[in-house]
Amino acid sequence: MAMSLQENLVQREIHQDWANCEYIKVITSSIKKIADFLSSFDMSCRSRLATLNEKLTALERRIEYIEG
């Protein structure tokens with residue numbers, strides 16, 4: 001009887017370990033997806049800001065030429 005109770009406890013621990021492992025995998029995957037999205041968003045924003053900066057610089061030069 002004691003052996004059966006101990007086996008039952010071990011099985012519960014094993015099931016809990018598997019559940020925890022799956023939970024950790026889901027959380028890890030979600031964090032990776034968020035990090036990938038943020039990295040992609042950062043690169044997109046940097047690119048767009050660089051393009052806007054180039055356009056502003058060109059407009060500033062035109063204004064200086066017209067004023068000068």
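See the structure above.
Quick look at the structure, then. Source: prediction; values computed, not measured.

**Brief notes about the overall build of the protein**
Part 1 of the argument: A tally of regular secondary structure across the protein gives one helix and zero strands.
Part 2 of the argument: Taking the principal axes of its C-alpha atoms as reference, the protein extends roughly 100 × 10 × 5 Å.
Part 3 of the argument: When burial is assessed residue by residue, the protein has 0% of its 68 residues classed as buried.
Part 4 of the argument: Surface exposure of the protein reaches about 6,800 Å², of which carbon and sulfur atoms provide 62%.
Part 5 of the argument: Taken together, the 9 basic and 10 acidic charged side chains of the protein have centroids lying 7 Å from each other.

**Quick notes on the pattern of salt bridges**
Part 1 of the argument: Counted according to the given criterion, the structure contains three salt bridges.
Part 2 of the argument: Ionic pairing is found between Asp42 and Arg46, a salt bridge with its closest N-O pair at 2.9 Å. In this pair, Asp42 and Arg46 are both assigned in helix α1 (residues 2-67), four residues apart and thus about one turn of the helix distant.
Part 3 of the argument: By relative accessible area, Asp42 is classed as partly exposed at 31%.
Part 4 of the argument: Overall, Arg46 belongs to the exposed group, its relative accessible area being 55%.

**Notes on a nonpolar patch on the surface**
Part 1 of the argument: On the surface, Tyr23, Ile24, Ile27 and Ile31 cluster together into a nonpolar patch covering about 420 Å² of accessible area.
Part 2 of the argument: Within the secondary structure, Ile27 is located in helix α1.

So, how was this worked out
Residues numbered from 1 in each chain as written. Predicted model: local features only at pLDDT ≥ 70, side-chain atom pairs only at ≥ 80, totals over all residues. Heavy atoms only, no water. Helix = DSSP H or I, 4+ residues; strand = E, 2+ residues; numbered from the N terminus. Buried < 20%, exposed > 50% of the residue type's maximum accessible area, 1.4 Å probe, protein only. Areas by Shrake-Rupley, 256 points an atom, 1.4 Å probe, with all protein chains shown as cover. Lys, Arg positive; Asp, Glu negative; His and termini not counted. Charge placed at Lys NZ, Arg CZ, Asp CG, Glu CD. Salt bridge = Lys/Arg side-chain N within 4 Å of Asp/Glu carboxyl O. Patch = residues over 30% accessible without salt bridge, like charges linked within 9 Å, V, L, I, M, F, W, Y side chains within 5 Å.

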